[in-house]
Each structure stands twice: as structure tokens, then as C-alpha cells.
Amino acid sequence: MQNKKQFVRQSAAVLMACGLIASLLPGFAAAQDQSAKPNTIFIMVDDMGYHDLGCFGSKKILTPNIDKMCVEGMKFTDCYSGAPNCAPARSTLMTGYHKGHTPVRSNTGGVPLFPEDVTVAEVLKTAGYATGGFGKWGLGNQGRDGAAERQGFDVFFGYYNQWHAHTYYTHLYRNSERVDLNERRPHYSFFANRGKVEKDTRYTHYAIFDETVKFIKENKDRPFFCYAPWTPPHAAYQIPEDDPAWALYKDKPWDEPAKVSAAMVSMVDRHVGEILALLKTLGIDEKTIVFFTSDNGATREVYEALNSCGEMSGFKGTLNEGGIRVPMIVRWPGRIKPGQVSDLPWYFPDVMPTLAQLAGVSAEVPKDIDGISIIPTLLGKGKQETHKYLFWQENGQAVRMGHWKGIGMPEAVKLYDLSKDIAEKNDLAAQHPDIAKQIGDFMAEAWVTPRSQQDDGKYTGREP
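If you're wondering where the values come from, they're calculated on a predicted model, not measured in any experiment.

1. Structural notes on the packing of aromatic side chains
The geometry of two aromatic rings is summed up by the distance between their centres and the angle between their planes.
And step 1. For the structure on display, the rule yields 23 aromatic pairs.
And step 2. For the pair Tyr 80 and Trp 392, a centre-to-centre distance of 5.1 Å together with 55° between the ring planes defines the contact as tilted. Of the two residues, Tyr 80 sits in strand E3 (residues 79-80) while Trp 392 sits in strand E15 (residues 390-393), which places them 312 residues apart along the sequence.
And step 3. What makes Tyr 80 buried here is its relative accessible area of 0%.
And step 4. Overall, the relative accessible area of 0% leaves Trp 392 in the buried class.
And step 5. Among the aromatic side chains, those forming a connected cluster through ring pairs are Trp 137, Phe 153, Phe 156, Tyr 160, Tyr 173, Phe 225, Tyr 227 and Tyr 459.
And step 6. Its end group placed over the ring of Trp 447, Arg 105 keeps NZ or CZ at 4.6 Å from the ring centre.

2. A word on the sheet that holds strand E18 (residues 412-417)
And step 1. Within the open sheet, the four strands sit side by side as E15-E16-E17-E18. Their pairing is antiparallel. With one partner strand each, in any of the chains shown, E15 and E18 form the two edges of the open sheet. With direction set aside, neighbouring strand axes in the sheet form an average angle of 15°.
And step 2. Contacting E15, strand E16 (397-401), strand E17 (404-409) and E18, helix H13 (residues 433-446) crosses the sheet at an angle of about 120° to E16.

3. A few points about the sheet that holds strand E6 (residues 172-174)
Whenever strands of a sheet pair, they do so through backbone hydrogen bonds, lying parallel or antiparallel.
And step 1. If you walk across this open sheet you meet the 10 strands as E7-E6-E5-E4-E9-E1-E11-E12-E2-E13, and the pairing is mixed. Strands with a single pairing partner mark the edges of an open sheet, and in this sheet they are strand E7 (177-179) and strand E13 (340-342). Across the sheet, the axes of successive neighbouring strands diverge by a mean angle of 15°, strand direction being ignored.
And step 2. The pairing of strand E1 (residues 39-45) with strand E9 (residues 224-228) spans four bridges and is parallel. Following the sheet pairing, Ile 43 is matched in E9 by Ala 228.
And step 3. Packing against the sheet, helix H6 (residues 204-218) makes contact with E1, strand E4 (130-136), strand E5 (155-159), E6 and E9, and its axis sits at approximately 170° to E4.
And step 4. Against the sheet, helix H8 (residues 256-281) contacts E1, strand E11 (288-294) and strand E12 (328-331), and its axis sits at roughly 175° relative to E11.

Cut-off values and rules
- Residues numbered from 1 in each chain as written.
- Predicted model: local features only at pLDDT ≥ 70, side-chain atom pairs only at ≥ 80, totals over all residues.
- Heavy atoms only, no water.
- Phe/Tyr/Trp six-rings, centres within 6.5 Å; stacked < 30°, edge-to-face > 60°.
- Helix = DSSP H or I, 4+ residues; strand = E, 2+ residues; numbered from the N terminus.
- Buried < 20%, exposed > 50% of the residue type's maximum accessible area, 1.4 Å probe, protein only.
- Lys NZ or Arg CZ within 6 Å of the ring centre and 35° of its normal.
- Pairing = 2+ DSSP bridges.
- Axes fitted to C-alpha atoms, helices over the stretch in contact; angles between N-to-C directions.
- Contact = heavy atoms within 4.5 Å.

Treat this as a map of the structure, not an account of what it does.
Here you go:
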């Protein structure tokens, strides 16, 4: 792994040298035209269920901007997180390895990436991309191994340890330096006891959104990777009482967590609309591919009241479809044909090879990752490679193989036909023992004992 990291960094250094040459030699600059590399904005919200968007079937939550994005781009019906919980899902996204191989598999908050682990940001830096992250990192505490700015990000603003992200009224960090937020506003708070509300503190998501916008504006003239792992609608359920989204739901006959969660989703929808409008204003709309997804399924507190999982079983933390199947929309005007719907089964490990191919740096991706590029599907060109199987682990294991889904352990698999039983109610293992055995064999094959890591623990508020 160390050699991989060194290779990526050496490639970035070579690219910087080439950039200097390009500035002196116009002909060379033309050959190395950065405008051919698309900007990428990857928005991943936290704990939003598969059916919490209008375009994915919600009858309770208003999401007009994301619904429009869906019409203008491609909707994926069978996209999955890499894990049913926060930190491991982020690890599979950043490294391209599934839950059986990815470095961070614990959800305690303090398990870091190793210094030698290669991230999406590091791969894209070899193509000359500016790299910024805004939201919840979860893969290394500030100032320590695994911190975002040590893993390829020019700037990261937000929460480093995910336990710190359990309140929206606190300080944040920029590249591991503490940033205190002022201009405290009145807010509606449910479960406020999950995070201390500090004096004179601004709502954190507003600050994170502002930094997202700032990064896009500052890098509009060069290729950029904007990773936006925004925290809403994750608990604590807090939103400013003067936010327009709260007015939409405060009088609904639902319990309090559901009302605040719905408002948080609509708030995010408003901000997605503002991002898309900004791209047009800056003249980079057709140069920018935008992804929108969630890191896992909805939580126990809200999924029933909002029908967040529809007919699917499970919720956040489970291996059922409700825990791992996530909405995914991808928009790129002029390149992705609008109004498309794809049932291609894919998941977070596929992000790294996909973005690397878009940037023209597939050779920089570690050769043993589990992800595959979905560019043929996105652009409608070439033959799409498919997974032999998709793998998850969380209090048991799960494998999807074609339309078959197995949950359990290698020696005891419950088998479901997702093409007929998305609710996973009818165990068909007895009727199809050969398929159940094949899935069990894949489970045994996929899990590799993780390397020993020091868990830096929950966030305590102390400086590193």
C-alpha cells in the first residue's frame, strides 16, 4: 500500500511540473487542456431514506429541486451504499474497497484511514484537480492520521469525528484548525440533548453550505472535486425555526423527529437547487457532473412516519434493502441524456474508478480495488462491466448476485429474489440451495481480517 501512495503522490508532482511547462509552451498547454476534465460535485446527505425524495416516491416530503435534477439526469433504482452505517460507508466511497476490504470498518468514530491508503481525492489530484470536502468526514480525527487534508483534500471544513456531528450548534474545523461559529439563531430542536448547544453558535449546516459554494466559486476556472458529505437529516433533529423548510412541516400531525427530519430534507433540497443555479451563473453547468445520494438508509426514529423505506425491510444499521439501498441521481447536461432510469446494481466502491475515468487517470487507481467504473452506463457508450457480486457486513453479511440477495453467514444464508420480493419476506434458500451456497461462498471469500488500527475514540471537544 505504501508504494501505491508514493506512486500517486509522485504522479501529482509530475503533473505540477507539466503544468509549469504548459505555462511556458502554448502548444503543450493545448495538448494538456484541463477543460476536457469535468468538475465533479458529489453530494451525500446523512441518513436520508430511499423514498424520502419525490422522484423516489415520497408523498410526504417536498423536494422540487432534486426532483428536477432527476428529470434532467439519470436516476438509479438499484444503487447501494457500501455499508449501512456512516464511517464504513464513507470508507468504501473514498477507497474503492467494499466492506470486507476497506480500511475503516468500525462505526465508533475514531478509527482512521492509514497514511498509505489512497483516496478518491488523491487520485483526482494527479489529474490537477482542486479538492475540497464539506460536511462530515468520519475517517480520522483532526490533526491525526486519516484527517482529510492528509488524504488528498486541499481543504476540508466540517466535522472530523462523527460523534461531533451529533449537534448542529457547535464549532467546526477547517484543515484540523478549530473554527468557532457566531450569529446564533433561534432553532427548533428535538433530541437537543444529543449535542451541547453552545452559546453564540451558528447553525453548522449553513456554514458548511456556504463553504461548499465558496469552493465552487474559487475553483470555477480549473477542474475541481467538491465532496459534500452534508450532515442533515442525521440526528440531532435541529433546524432554525426561521428556516423556510420548517414552516412546511411544523404543523404536520407527525411526531417531532419526523417533522424536523422532513424539514431538513427540504432544506437540503433548497441548497441543491442553489448549487445547480450557481453552476449556470458561473457558466460551468455543462462542465460539471453532479451526484446526489445518501450514505445509508433512514433511522428508526423517522422511517415509519415518513415511509422512508417504502415496502423495503430494514433501516439504517441493517443489511436489508432499507438499510443499504440509497437514492442516486447523476446529472451532467449535454453528456448524460436526461430522463433516464437505470436498474444497474452498483455501490459506493464504484465511485473511485468512475471519477478517475472521467478525469483520465484510471491508471492511478489501485489495481486491487473492488469498484468498477459505471461510465458506459452514464454516457451510454461501450459495454458496462457488472459485479460478480456486491458485499456488505454488519452483524452478519449480505451479498447481492444479480437479482438474488443473501443475508446471514456463509453457512446459513437466507435467500431472496429481489426482482419479485424487494421486501425480503420470502426466504428461498431451501428451494435454491445451489444459489444459497454460491452466495455463502462469496461471503467467505469477501471478508478479510482488517489491519490493526488505533481507535482514537469519540469526540470529546479537546484539541488534538
